[in-house]
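Survey of secondary and tertiary structure
The chain contents come next:
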Amino acid sequence: MKQLEHNNAIRNVAIIAHVDHGKTTLIDQLFRHSGALSARASDSDRVMDSMDLERERGITIAAKNCAVRWGDAKVNILDTPGHADFGGEVERALMMVDGAILLVDASEGPLPQTRFVLKKALERQLRMIVVINKIDRSDARPQEVLNEVYDLFIDLDATEDQLEFPVLYAIGREGIAKRSLEGPDGDFSLLFDTIISEIPGPLFDPTEPFQMLVTNLSYSEYLGRLTVGRVMHGRAKQQDALVCIDESGEQKPLRVVKLQVYDGMGYGETTEASPGDIIILAGVDHAKIGDTIATKERPKALKRIAVDEPTISMRVSANTSPFSGREGKFVQSTRILERLQKETLHNVALKLEEQEDRESFVIKGRGEFQMAILVETMRREGFELSIGRPQTIMKEQDGKLLEPIEHLFVDCDEQFLGVVTEKLSFRKGRMVNMVNHGTGRVRIEFSIPARGLIGYRSEFLTDTRGTGILNAFFEGYEEHRGEIRSRLTGSLVADREGEGVAYALFHLEPRGTLFITPNEKVYEGMIVGEHNRDNDLNVNVCKTKKLSNMRAAGKDDNILLTPVLPMTLERAMEFIKDDELVEVTPKNIRLRKKILRANQRS
C-alpha cells in the first residue's frame, strides 16, 4: 500500500454559505485580520465580488481563489457560489480543497442552496467547520439553528466522523468570533487557528510524478491564457517540459513560461510548485477544464471533474428585429457563437449545441438563473441577441417520458400559505413537508417539475407582496406529471412601426398591463403589454387623437398613465410563451413574437 503524506505548510479551504449569509464579508475580515488587505483596499467591502453583477445582486457567481499566511502555513481560501444553478463552479472549487467552512445565518438557519453545496462537500469527505454568523441579530436563534445543522448533516448521510465538527459563533461584520455563546468575544485568530488544527494539509504521494488537475481558466493581457489548478503530486519548476492530457487521452507538449501562486487577492511568482498548492501556469494555450498537466517522462491522467448534467436548455440566436444593429457592437451569429464557445471553456456546467440552420444555438445548463446571468454578461459586453423561453430537458427510459424534478423550499407569512399552495398545485407541485415555528411564518417543501418553476418566481413575489423566499435544488428525474398551463394571459402586440403615444396607451390600459411608455419606439410584432384575456391582441399604440378647432392637441398633456415596471431579463424570460422571443441589446430588453407580421401569424 502506498504511503501518503500531508503537506502541512498549506491548507486549502472552501467557504460554503447560502446567499446573503455573510460569506464574502467573512472573507473580508479574514483578509483584514491576516494583514493581506492593504490600507487602500481596506475601505472597500466585499473584495471577492469582482464582477459588477456580483456587487449589484449581492451574490457569488464565479468561484474565486485567494491566499493568506497564518503562522507558518499558507491558507488558500476559495469563495464558492451559494446557488445550485452555478453547480459547475461548486464542483471545481471543491476539487481543490481538503476542508470547508459552513457559514449559517443565526436566524434563517441552513437553507436549500446550503444543502446543495454541503452535499457535494460531504461526498468528497471534506473536513467541516461550522460558523454560526450574525448572532447579534434581534431574531437570532443560534441553538435551534445548530440543531438544524445537525439534522441537515444526518439527512445528507454524514458519517459519525463528519458529525464531530467544531462550532464557532461569529459577528462577521465586526470581526468577532467565539467558541461559545456565553464566552468572551474573540477575534478571527480563533477561526484561523481552527482552520490550521482541524483541516488537514493536502495529501500527496511522494513517489508519484508531477500531476495537476486543471480546474479553471483565466486570461492575462500580458501572459495570454492562464491555467489554474491544484498540484496533486510531485513538483514542477519554471521552464519544465510537461504534457497536457485531454479528454481522449491525447498528450500535447507544453513548456511552463511562468509559474504563479495566489498571494492575497493577486498573484505572486514562484520558482517551484509544491504538492497541494493551487498554481497558475502561463504558456498552456490548449488546456481545458478537467485536463491533466503531467511530466513528459511519466504522463498519468487524473480523474476528470464530474458535473451534474444540465436540466434546462435555451435557444439563442442573432437579433433579427427591425431595430437590429442600432444599439449593440456585436450582432452577427458567428460572434455570438464564438462568445458562447468561450463561455463553455470556462464553465464546465454549460453545454453548447449548434443547430442545422447555423443561425441559432442551444445552450444547456443547470437553471434559468444561470442562463440569465450569461445573457446579462453578454449584453453588457455589447452583444445583441434573441433568446427563447427556457425549456426543461426530458429523458426517455423504458418507453416512459421522464422529467427533472426540483425540491422546492418556500418561506412565507402564514396568510399567503393558501395562495402559494394553490398556485404550486396547478404547476403539478406536491407538498412533502410543512414547518411552523410559531413566528407567523411557515416553511413548506414541495416536489415539483423544473418546468413548473419557469415563470413562477415573479408571480410568487407578487402573491407574497415581496416577503416570500423561494429556493430549490435538483432532486432527480421522475415520470412526466402531465401538462402545465404556463401563462393564462395573452399578449398585446404592436401592429405597426412607430412611437408609443400617451393617448393610445391610456385607452389600452383597460385591456391589460402595459410594458412601454410614451415616445418609446415600437415595431410590428413587438409585445407592448400583457392582455387581460387568454388570446393575443394586435393593437395600435401609435394612434393619436383626432384634432379639431374645438379640441386642442395640448389636451394630451394631462393624461395620467399607470407607471410601467421596468422590464428585467429574468422577468422577460419568465413571461414569454413558446412562440415569443426576448430581444436583448445593451440598452433595451424587448419582447416580440417569433413571426413579426400579423397576417403570417394568424
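Reading the values: the criteria
- Residues numbered from 1 in each chain as written.
- Predicted model: local features only at pLDDT ≥ 70, side-chain atom pairs only at ≥ 80, totals over all residues.
- Heavy atoms only, no water.
- Helix = DSSP H or I, 4+ residues; strand = E, 2+ residues; numbered from the N terminus.
- Buried < 20%, exposed > 50% of the residue type's maximum accessible area, 1.4 Å probe, protein only.
- Contact = heavy atoms within 4.5 Å.
- pLDDT = per-residue confidence, 0-100.
- Core = buried A, V, L, I, M, F, W, Y, C linked by side-chain atoms within 4.5 Å.
- Salt bridge = Lys/Arg side-chain N within 4 Å of Asp/Glu carboxyl O.
- Pairing = 2+ DSSP bridges.
- Phe/Tyr/Trp six-rings, centres within 6.5 Å; stacked < 30°, edge-to-face > 60°.

Turning our attention to the side chain of Ser-386. Its place among the elements puts Ser-386 in strand β23 (residues 385–387). Of the residues examined, Ser-386 reaches a relative accessible area of 1% and is grouped as buried. Ignoring any residue separated from it by four or fewer positions in sequence, one finds Ser-386 in contact with Arg-315, Val-316, Ser-317, Ala-318, Asn-319, Thr-320, Leu-581, Val-582 and Arg-592.

Among the secondary structure elements, Gly-476 is positioned in strand β29 (residues 469–479). The class for Gly-476 is buried, based on a relative accessible area of 18%. A C-alpha to C-alpha distance of 9.1 Å links Gly-476 and His-407, two positions 69 residues apart in sequence. When residues no more than four places from it in sequence are discounted, the contact partners of Gly-476 are Glu-403, Pro-404 and Ile-405.

For the chain, per-residue confidence averages 81 on the pLDDT scale, and residues scoring 70 or more make up 88% of the total. In this model residues 38–63 is a low-confidence stretch, pLDDT under 50, and it forms 74 contacts with partners more than four residues away in sequence or in other chains. Contacts from residues 82–87, a stretch scored under 50 in pLDDT, to residues over four places away or in other chains number 22 contacts.

Here we take up unusual backbone geometry. Across the chain, the bulk of peptide bonds are trans and the bulk of non-glycine residues have phi less than zero. Not every positive phi belongs to a glycine, and Asp-398 is a case in point at roughly 55 degrees. One non-glycine residue, Lys-428, adopts positive backbone phi at about 70 degrees. Inspection of the secondary structure assignment puts Lys-428 in the loop between α10 (417–426) and β27 (430–436). Residue classification places Lys-428 among the partly exposed positions, given a relative accessible area of 30%.

On to the nonpolar core. Within the largest apolar cluster, 42 residues are counted, with the highest numbers of intra-cluster contacts made by Leu-102, Leu-118, Met-128, Ile-132, Val-149, Phe-153 and Phe-165. Setting aside chain neighbours within four positions, we find Phe-165 in contact with Met-128, Val-130, Leu-146, Val-149, Tyr-150 and Phe-153. Counting residues in each nonpolar core, the second largest holds 32 residues, with Phe-330, Phe-383, Ile-387 and Leu-569 among its members.

This part covers the pattern of salt bridges. Taken as a whole, this structure holds 36 salt bridges when the rule is applied. In this structure, Arg-141 and Glu-148 form a salt bridge, with 2.7 Å as the shortest nitrogen-oxygen distance. With relative accessibility at 16%, the residue Arg-141 sits in the buried group. Residue class for Glu-148 comes out buried when judged on its relative accessible area of 17%. Here Lys-593 ties to Glu-580 by a salt bridge, and the two come within 2.8 Å at their closest N and O atoms. One end of the pair, Lys-593, is in strand β37 (residues 589–593); the other, Glu-580, is in strand β36 (residues 580–584), with 13 residues separating them in the sequence. Each of the two residues, Lys-593 as well as Glu-580, counts as buried. Residues participating in the shared-partner salt-bridge network are Asp-105, Lys-134, Arg-137 and Asp-139.

Judged from the five bridges that link them, strand β13 (residues 241–245) and strand β14 (residues 251–255) form a sheet pairing that is antiparallel. Paired with Val-243 across the two strands is Pro-253, which belongs to β14. Counted between consecutive antiparallel strands, the loop separating β13 from β14 contains five residues, among which Gly-249 sits at a positive phi close to 95 degrees.

By the criterion of burial, strand β4 (residues 73–79) is predominantly enclosed, with seven of the seven residues buried. What you see with β4 is no split at all: Ala-73, Val-75, Ile-77 and Asp-79 on one side and Lys-74, Asn-76 and Leu-78 on the other are buried throughout. Taken together, the six bridges between strand β2 (residues 10–17) and β4 define a ladder with parallel strand orientation. Bridging from a neighbouring strand, Ile-15 pairs with Asp-79 of β4.

Below, the discussion takes up the packing of aromatic side chains. For any pair of aromatic rings, geometry is given as the distance between the ring centres together with the angle between the planes. The full count for this structure, using the stated rule, is seven aromatic pairs. Where Tyr-150 meets Phe-165, the ring centres are 4.8 Å apart and the plane angle is 25 degrees; that geometry is what we call stacked. Placement of the pair is Tyr-150 in helix α5 (residues 142–155) and Phe-165 in the loop between α6 (160–163) and β7 (167–171), with a sequence separation of 15 residues. For Tyr-150, a relative accessible area of 29% corresponds to the partly exposed category.

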